[in-house]
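What follows is the residue order along each chain.
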Amino acid sequence: MIDAGAFLAAHAPAVMPDSFGRQDPVESSESGMTAGGRRGRRLRRSEQHGRSDTARSRFGAAGSHQVDDPHDVDACREAALCLLDAAPRSSGAMRERLAGKGYASDTVEAVVERLEQVHLIDDEAYAESMVRYCVARLMGARGAMAELSRKGVPRPIAARAVDEARERGVFEDAAWELARRYAAKTEGLDLDKRRQRFWSAGGRKGHDPQDLSRIAYELFH
């Protein structure tokens, strides 16, 4: 007679780990309690660990990146161009990504400087574009400055782009648009609640408290 547990263990489906080496959730949800099922799960875990070890040997430990030659300028430049194909980047963001791939700091600096010379990296144009993006999301000057910093734009360039936008009144216009939207959303509520919700939203988006106070008074008075 064929032993059912041995048959199940021998014919258990292979586990295919996802890109992070985790077990397929369908497989992990199985709850067979037979001896064969337990042996099958041990076998699958062993196979999974074997694949993980192979991946680590090829690509390095999790979270790290390996390059053949950290001082290879041509390879570093090619990596930078691939990153720019995916999306525009600031000089700071590019340095961080290339360093994260394992390239030496002097190699990264040489590549970034060359890309700036040929205007494939332009921090000022990038900062202006990011300010427009922030305004479209109804963010204020403080919020835009934080976003530019997060994107790796040098602080002097970020400050100049934000100051120019502030002088044109674009952040105040964004605050007014935010207020109008919250006025429509909170229509019928108590005035204090309407002001409070607008204030909270404006603060999260980094607007000037003085602008928020003036707009709230004029719109919710």
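Reading the values: rules and limits
Residues numbered from 1 in each chain as written. Predicted model: local features only at pLDDT ≥ 70, side-chain atom pairs only at ≥ 80, totals over all residues. Heavy atoms only, no water. Helix = DSSP H or I, 4+ residues; strand = E, 2+ residues; numbered from the N terminus. Buried < 20%, exposed > 50% of the residue type's maximum accessible area, 1.4 Å probe, protein only. Core = buried A, V, L, I, M, F, W, Y, C linked by side-chain atoms within 4.5 Å. Contact = heavy atoms within 4.5 Å. Phe/Tyr/Trp six-rings, centres within 6.5 Å; stacked < 30°, edge-to-face > 60°. Lys NZ or Arg CZ within 6 Å of the ring centre and 35° of its normal. Salt bridge = Lys/Arg side-chain N within 4 Å of Asp/Glu carboxyl O. Polar contact = N/O pair within 3.5 Å; in protein donor to acceptor, adjacent residues only side chain to side chain. pLDDT = per-residue confidence, 0-100.

Student: Explain unusual backbone geometry to me, please; I cannot follow it from the model alone.
Tutor: Where the residue is not glycine, phi is negative for most of them; where a peptide bond is considered, it is trans in most cases. For H119, which is not glycine, the phi dihedral falls at a positive 65°. Residue position: H119 is located in the loop between α6 (105-117) and α7 (123-136). With a relative accessible area of 60%, H119 lands in the exposed category.

Student: Honestly, the nonpolar core in this entry has me stumped. Any pointers?
Tutor: The nonpolar side chains of a soluble globular protein tend to be buried, and buried together. In this structure, A127, V131, L148, V153, V162 and F171 are the most contacted members of the largest nonpolar core, which totals 17 residues. Looking at this core, the elements that each hand over two or more residues are α7, α8 (141-150) and α9 (155-167). Sequence-distant contacts of F171, defined by excluding residues within four places in its chain, comprise V131, V135, M139, G140, A141, A144, V162, A165, R166 and H207.

Student: Which parts of the structure should I look at to understand the packing of aromatic side chains?
Tutor: Here the structure, examined in full by the defined rule, presents 1 aromatic pair. An angle of 45° between the planes, with centres 6.0 Å apart, marks the rings of F198 and F220 as tilted. Placement of the pair is F198 in helix α11 (residues 191-204) and F220 in helix α12 (residues 209-220), with a sequence separation of 22 residues. Positioned above the aromatic ring of Y182, the side-chain terminus of K185 is 4.6 Å from the ring centre.

Student: Help me out: how do you make sense of the pattern of salt bridges in this one?
Tutor: Charged atoms that come close allow side chains of opposite charge to pair. For the coordinates displayed, the defined rule picks out 10 salt bridges. The shortest N-O distance in the salt bridge between E109 and R95 comes to 3.0 Å. Pair noted here: E109 is in helix α6 and R95 is in helix α5 (residues 91-100), with a separation of 14 residues, a long-range link. A salt bridge links R160 to E124; the shortest N-O distance between them is 3.1 Å. One end of the pair, R160, is in helix α9; the other, E124, is in helix α7, and 36 residues separate them in sequence. Owing to a relative accessible area of 38%, R160 belongs among the partly exposed residues under this scheme. One network of salt bridges, with partners in common, ties together E172, D211 and R214.

Student: Where do I start with the side chain of E147 in this structure?
Tutor: Here E147 is to be found in helix α8. Engagement of the side chain of E147 in a polar contact is seen with the side chain of R150, the distance being 2.7 Å. Once you skip the residues sitting within four places of it in the chain, E147 turns out to touch M130, Y133, C134 and M139.

Student: What is the right way to look at the side chain of H207 in this model?
Tutor: Position of H207 relative to the elements: it lies in the loop between α11 and α12. Ignoring sequence-local partners within four residues, the contact set of H207 consists of L138, M139, G140, R142, F171, A174, A175, L178, G202 and L212.

Student: What exactly am I supposed to notice about the confidence of the model for the protein chain here?
Tutor: Any residue range with low pLDDT should be treated as having predicted coordinates unsuitable for detailed reading. On average, residues of the protein chain score 79 in pLDDT, and 71% of them are at 70 or above. Segment residues 1-39 is flagged for pLDDT under 50; beyond a separation of four residues in sequence, or across chains, it makes 29 contacts in the model. This stretch, residues 41-64, has a pLDDT under 50; its non-local contacts, to residues over four places away or in other chains, come to 19 contacts.

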